[in-house]
Amino acid sequence: MARIRPALLLSLCGALFALPACDGGAGGDAKKDAKPAKAKTKAKSEAKSGPPEPARDALEGEPTDAILLSQAWFYKDSGGKSKPGPARLQIWRKVNGSWNATRLEDADSNVFHKAILLDDGSILTAAGEKAMLKKWKHNAGKWSSELLWENSWGGKFNRLRDIEIGDVDGDGKDEYVIATHDGGVVAVLDPAEDGGKPQVVELDAKKDTFVHEIEIGDIDGDGKLEFFATPSDRNKANTSQAGLIVMYKYDGTTYKRTTVDGGDHTHAKEILAADINGDGKSEFFSVLEAELSGKTIKKPVEVRQYIPKEDGTFGHQSVVKINDRQTRFLLAADFDGDGFKELIAAAMKTGLYLVDGEAAEDGTITWKEPVNFDKVSGGFEHAMLADDLDGDGKVELYVAADDQRDLKRYDWDAETNAFKRTDLGKLQELTFTWNIETGKL
C-alpha cells in the first residue's frame, strides 16, 4: 500500500479521491468518504508529464522461486496530484540466492486485485477499472496477453475484485468464480478449451453492491464443492456497511443460494474455507470488519467459524476478536507439523496473529488465545500467503507489509515454538499490495 509514511495507509486510500484502485476507503464516494490528502513522497517511477508507459520487464534465466504481488500504485501528474498508474504485477524472483523485483503492468486497468499462476506457466489477472480477466504469457523476453472476459455493469465502478478456481458444477472441469464491483454480480465463468468465448453465468445482480471475496470448499464432505461470497453495501470510509455472507451450491440446474450470516452493522470482506482438522470437510470462517463511528471502534474485528446444521442453516462460534479497524487476510496452514492447521490473521495496524486450536473426536474445535507474533507489521490489505515455496516439506508464511514497505518470510522454529522472520526486500513507495501468489516463474 501507499508508502508516504507508515501511518498514512488509510488516509491515502480514502484520501486520493477514493481512487478506483482503493477498496473500502476504496471505491467509496470520494465526496462523502474522505477529504483529499497531499502525497509528500514521490514514487520512483513518477511521470510528471502524464501517465507512465506500462512496464513489461523481461524475466531472465530459467524459472525459479517467485513471489507475485498484485498491486495498484500512484504517480504525480504535472500539477503535483497523485494519479493511479497502470495495473501492476510486481514479480519477485530468487536468482543466485538474492531476491529481485521486476514489473508487469497493464494500462487497460489501474489495479490488479489478484493474479494466479496457472499450471502452464501463464498468469491469470483479475483487474479493476476496467473489469478485465486476462491471461499473460512470457516468451523470449516478451510479455503477451489474451483477454478472456470483460464486462461493465453500469455502475460507478467496474472491477473484478476476487477470483477462485474449482469445479463448482461437478462437470469435471474447473470454473472461475469471480467477485465484482459494484453491481452485486457473482460470476461463474467456464473457460473455453479452444480459446473461444467463455460461458458466463452472472448471479444476484444488485445495484450499488460490492462483492469482496470468493472462497471454495466442500463443507459437508460429499465431494461436491460449494462456493461463498460476501456482498455488502457500497464502501464508505469511517463508517460501517451492512452485508451478507452467502453460499452457493449447484443443484444440477442452477446455483442455489443460502445466507450464512449477515447484519445491519458490519460485514465481511474476508472469508476462508479450509480443512483444518483433516476430516475431509472444509471449515468455514469469516472476518467481520469492526463496527465504526468515525475513527472510533465501537466493536472490534471478529473472526467467526460457521457450523452447518441439519436444516441447511449455519450456527457460529467466535474464534478471536482483534482490536483493529479491519483484518483483510485470514489463512490456514500447518506450520508446526502437528496435523492441525493454525490460523493466521493479518490486521491492518496491530500486526500478525497466530490462532491455534484443538479438535475433539466429534470434529468440534476449541480455539486458543491468539499470539500477536509481529506487532510491527501492517497495511491496508496486509496481504499474505502460506506455501512451501522452497520445497523442503515445511510451509512458510509470506507477507507484504505496506506500512513498513517490507516483503518478508516467516519460518516456524520448532525449538523456540515461534516464527523466525526473514526480510526479502523493500516494497516501492506509493503502492498498495492486494494479493500474493507464489510459484515458479
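Residues numbered from 1 in each chain as written. Predicted model: local features only at pLDDT ≥ 70, side-chain atom pairs only at ≥ 80, totals over all residues. Heavy atoms only, no water.

Draft legend 1. Region of the structure containing the sheet that holds strand β15 (residues 243-250). As summarised here, the arrangement of the 4 strands in space is β13-β14-β15-β16, forming an open sheet in which the pairing is antiparallel. Here the strands that pair on one side only, and so sit at the sheet edges, are β13 (209-217) and β16 (255-263). Put simply, the sheet's adjacent strands are angled 20° from each other on average, direction ignored. (Pairing = 2+ DSSP bridges. Helix = DSSP H or I, 4+ residues; strand = E, 2+ residues; numbered from the N terminus. Axes fitted to C-alpha atoms, helices over the stretch in contact; angles between N-to-C directions.)

Draft legend 2. The arrangement of the side chain of Thr64 in detail. By the element assignment, Thr64 lies in the loop between α2 (30-33) and β1 (65-76). Using a relative accessible area of 17% as the deciding quantity, one classes Thr64 as buried. Setting aside its immediate chain neighbours within four residues, Thr64 contacts Arg93, Lys94, Val95, Gly439, Lys440 and Leu441. (Buried < 20%, exposed > 50% of the residue type's maximum accessible area, 1.4 Å probe, protein only. Contact = heavy atoms within 4.5 Å.)

Draft legend 3. Representation of the nonpolar core in the model. Grouped together as the largest cluster of nonpolar side chains are 26 residues, with contacts concentrated most on Ile67, Leu69, Phe335, Ile344, Met384 and Leu397. At the level of elements, β1, β23 (327-333), β24 (342-347), β25 (352-355), β30 (396-401), β31 (406-413) and β32 (418-426) are the ones that each hand at least two residues to this core. With 4 residues, β30 is the single largest residue contributor to this core. Counting residues in hydrophobic clusters, the runner-up holds 21 residues, among them Ala290, Leu292, Phe340 and Ile365. (Core = buried A, V, L, I, M, F, W, Y, C linked by side-chain atoms within 4.5 Å.)

Draft legend 4. Local environment of the pattern of salt bridges. In this structure the tally under the stated criterion is 28 salt bridges. A salt bridge links Asp403 to Lys349; the shortest N-O distance between them is 3.0 Å. Taken together, the residues Asp403 in the loop between β30 and β31 and Lys349 in the loop between β24 and β25 connect sequence positions 54 residues apart. Connected through shared salt-bridge partners, Asp374, Asp406, Lys408, Arg421, Asp423 and Lys426 make up one network. (Salt bridge = Lys/Arg side-chain N within 4 Å of Asp/Glu carboxyl O.)

Draft legend 5. Spatial organisation of the packing of aromatic side chains. On inspection of all chains with the given rule, the structure shows 18 aromatic pairs. Ring geometry for Phe112 and Trp136: centres 6.4 Å apart, planes at 80°, overall edge-to-face. Residue Phe112 is found in strand β5 (residues 111-117), and its partner Trp136 is found in strand β7 (residues 132-139); the two are separated by 24 residues along the sequence. Exposure remark for Phe112: the relative accessible area of 0% places this residue in the buried category. A residue is classified by how much of its surface remains accessible, and Trp136, at 0% relative accessible area, is buried. Look at Phe432 and Trp434: their rings are 6.5 Å apart centre to centre, the planes differ by 15°, and that puts the pair in the stacked class. No difference in accessibility class separates Phe432 from Trp434, as the two residues are buried. Taken together, the ring pairs in this structure connect Phe335, Phe373, Tyr410, Trp412 and Phe419 into an aromatic cluster. Sitting over the face of the ring of Trp73, Arg88 holds its NZ or CZ atom 4.2 Å from the ring centroid. Seen from the ring of Phe157, Arg159 lies directly overhead, with NZ or CZ sitting 4.3 Å from the centre. (Phe/Tyr/Trp six-rings, centres within 6.5 Å; stacked < 30°, edge-to-face > 60°. Lys NZ or Arg CZ within 6 Å of the ring centre and 35° of its normal.)

Just geometry here; none of it tells us what the structure is for.
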